[in-house]
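Here's the letter readout for the chains.
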Amino acid sequence: MPRRHAALGSDTFATRLMLRRALCVRGEDAARMFYQPGRFTRRHALPATTMALLQDFGSVMALDGDAHRKRKAMLMSLFGPLERQRLVGLAAAEWRTQFARWPSEARVVVHEAAQEVLCRAVCRWAGIPVSAGEAAQRAREFARMIDGAGSAGPRNWRGLLVRTRTEQWARALVDAVRAGQVQPAFDSPLNVVARHRDADGELMNRKQAGVELINLLRPTVAVARYVVFALLALHEHPHCRARIAAGDDDYATWFVQEVRRFYPFVPAMGGRALHGFDWHGLHVKKGTWVLFDLYGTNRHPALWGDPDVFRPERFERWQSSGFDYVPHGGGDPYSGHRCPGEAVTGDLVRSALQLFSEEIAYDVPPQDLTVSLRRIPALPASGFVITNVRAPGSGT
């Protein structure tokens, strides 16, 4: 999409994808249009297999109106400052456990390690009792869902098969809480989800409760990709390391914001127009399939000046409109479809970046660090391998 936008010199173009007409848009004005509450539905806006792996049907992403607002408020309540701080602390403890082991290992694939770290941390945070072995199994299952979401064929099929099994596990957890067989803390995400009542006042059905529980866990595991991109950026821009290692929290925040702007993850989001409307001289009919270019907006030259340059300092005096910086969507996360986990994503990546910069030293051996835009979600080909992990200042 960014290449087509550039070739046409336009932020809007129509095309066909999978034999269906699609309107492709990018930019701040397009984000305002796309994320206006009540204008689009996410139902039937993504391939069914992708939707099943990313969110699944019946999840908050597929809801509209009062049903969406009520469910979204429940999810947003789980990501307040104290809740985020607790999750970040649990993840930091898991990282330190890994750091203690790595000096004895010949090589570490950071992406694989990060998925397990984040899976163990988010399960503990959610109040889900899992052994070390089960946490590793769940991490692999979530990884297959994430990896299969943007593909067709065997990768996608394996992800769907795993998703079915994992939903059964999540529904069983919900059933156990409701039956009193498992008694998590009152304010734990597991308890909150299991006992949530939707806009109709009815207890969320067990299938949807299992789906929303997975939608807290799986996206947290997906943050492993951003951790890898942050380390890749640090490797490619080593002059940034000193300020991060010195504990400059502001700079670390700018660095992570630039990582999320610069590197690809999910390239676009789809919506179906709930009603007809006019926008920039174009009449968008009811039912029109619109694809909003997330990656292209985050690299839009009119918004970012030098979009292909990695420069954390651009965020020093930056004030967001809510529609110009969209790695997790645009608009208000409370009333719209912007991801409720955006803030905790930044917190988790910043914490991991600081731990890798301050508490260990390591080598980055020759490897394939190319990032293909044809693979969704994107990731450096090698998963980012490190070797010779050691204490800082201990030499090589």
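Scroll up a little and you will see the structure.
Residues numbered from 1 in each chain as written. Predicted model: local features only at pLDDT ≥ 70, side-chain atom pairs only at ≥ 80, totals over all residues. Heavy atoms only, no water.

1. Re the overall build of the protein
Item 1. Each helix and strand in the protein was counted, giving 15 helices and 10 strands.
Item 2. On C-alpha atoms alone, the protein measures out to a radius of gyration of 21 Å, which is about the 21 Å that the 2.2 N^0.38 rule sets for 396 residues.
Item 3. Per-residue burial over the protein gives 56% buried out of 396 residues.
Item 4. Just so you have it, the protein exposes about 17200 Å², and 53% of that area is on carbon and sulfur atoms. (Helix = DSSP H or I, 4+ residues; strand = E, 2+ residues; numbered from the N terminus. Rg over C-alpha atoms; globule rule 2.2 N^0.38 Å. Buried < 20%, exposed > 50% of the residue type's maximum accessible area, 1.4 Å probe, protein only. Areas by Shrake-Rupley, 256 points an atom, 1.4 Å probe, with all protein chains shown as cover.)

2. Side note on the packing of aromatic side chains
Item 1. Taken as a whole and assessed by the stated rule, the structure comprises 26 aromatic pairs.
Item 2. Considering the side-chain rings of Trp95 and Phe99, the 6.2 Å spacing of their centres and the 35 degrees angle between planes classify their relative orientation as tilted. One end of the pair is Trp95 and the other is Phe99, both in helix 5 (residues 81–101) and 4 residues apart, which spans about a single turn. Each member of the pair, Trp95 as well as Phe99, carries the same accessibility label: buried.
Item 3. Taken together, a centroid distance of 5.2 Å and an interplanar angle of 75 degrees make the contact between Trp318 and Tyr325 edge-to-face. (Phe/Tyr/Trp six-rings, centres within 6.5 Å; stacked < 30°, edge-to-face > 60°.)

3. Digging into the nonpolar core
Item 1. Counting residues in each nonpolar core, the largest one holds 87 residues, and the members touching the most others are Trp95, Trp102, Phe255 and Phe356.
Item 2. Element by element, the count of residues in this core is highest for helix 10 (residues 206–236), at 18 residues.
Item 3. Apart from the residues within four sequence positions on either side, Trp102 is in contact with Trp95, Val108, Ala113, Phe356, Ile360, Ile386 and Val389.
Item 4. The next biggest cluster of nonpolar side chains, apart from the first, holds 20 residues, and it includes Met33, Met269, Trp279 and Phe292. (Core = buried A, V, L, I, M, F, W, Y, C linked by side-chain atoms within 4.5 Å. Contact = heavy atoms within 4.5 Å.)

4. Some remarks on the sheet that holds strand 9 (residues 361–363)
Item 1. Read across the open sheet, the 3 strands follow the order 4-10-9; overall the sheet is antiparallel. Every interior strand has two partners, whereas the edge strands, strand 4 (108–109) and strand 9, have only one.
Item 2. Bridge count for strand 4 against strand 10 (residues 385–390) is 2 bridges, and the pairing is antiparallel. Within the sheet, the bridge partner assigned to Val108 lies in strand 10 and is Ile386. (Pairing = 2+ DSSP bridges.)

5. Re the pattern of salt bridges
Item 1. Tallied over the entire structure, the rule returns 29 salt bridges.
Item 2. Across the pair Arg71 and Asp198 runs a salt bridge whose closest N-O atoms are separated by 2.9 Å. Placement of Arg71 in helix 4 (residues 65–77) and of Asp198 in the loop between helix 9 (189–194) and helix 10 is noted, with a sequence separation of 127 residues between them.
Item 3. A relative accessible area of 1% means that Arg71 is categorised as buried.
Item 4. Here Asp198 falls in the buried class, since its relative accessible area comes to 13%.
Item 5. The salt bridge involving Asp147 is made with Arg375; its shortest N-O contact spans 2.9 Å. In this pair, Asp147 is assigned in helix 7 (residues 132–148) and Arg375 in the loop between strand 9 and strand 10, connecting sequence segments 228 residues apart. (Salt bridge = Lys/Arg side-chain N within 4 Å of Asp/Glu carboxyl O.)

6. Considering the pairing of strand 10
Item 1. In terms of residue burial, strand 10 counts as a mostly covered element, since 5 of its 6 residues are buried.
Item 2. Looking at chain direction, strand 9 and strand 10 are connected through 2 bridges and run antiparallel. When the sheet's bridge partners are listed, Asp363 is paired in strand 10 with Thr387.

7. A look at helix 7
Item 1. For helix 7, built from 17 residues, the straight-helix expectation of 24 Å at 1.5 Å per residue is met to within 8% by its first-to-last C-alpha distance of 25 Å.
Item 2. Looking only at helix 7, the buried set comprises Ala135, Ala136, Arg138, Ala139, Glu141, Phe142, Ala143, Met145, Ile146, Asp147 and Gly148. (Expected span 1.5 Å × (residues − 1).)

8. Some remarks on the sheet that holds strand 3 (residues 40–41)
Item 1. Pairing is mixed across the open sheet formed by 5 strands, whose spatial order is 1-2-8-5-3. Sheet topology places strand 1 (12–17) and strand 3 at the edges, where each strand pairs with a single neighbour.

9. A closer look at the packing of helix 7 against helix 8 (residues 154–178)
Two numbers describe a pair of packed helices, the interaxial angle and the distance between the axes.
Item 1. Where helix 7 meets helix 8, the axes come as close as 8 Å, and the angle between the chain directions of the two elements is 135 degrees. Comparing the axis directions of helix 7 and helix 8 gives the class oblique. Where helix 7 crosses over helix 8, the handedness of that crossing is left-handed. Between helix 7 and helix 8, the contacting residues are Glu134, Arg138, Glu141, Phe142, Arg144, Met145, Asp147 and Gly148 on the first element and Arg155, Asn156, Arg158, Gly159, Val162, Arg163, Thr166 and Trp169 on the second.
Item 2. Its residues placed into classes, the contact of helix 7 with helix 8 shows 4 nonpolar, 4 polar and 8 charged. (Axes fitted to C-alpha atoms, helices over the stretch in contact; angles between N-to-C directions. Parallel < 35°, antiparallel > 145°, perpendicular 65-115°, else oblique. Left-handed = near helix turned anticlockwise from the far one by under 90°. Nonpolar A, V, L, I, M, F, W, Y, C, P; charged D, E, K, R; others polar.)

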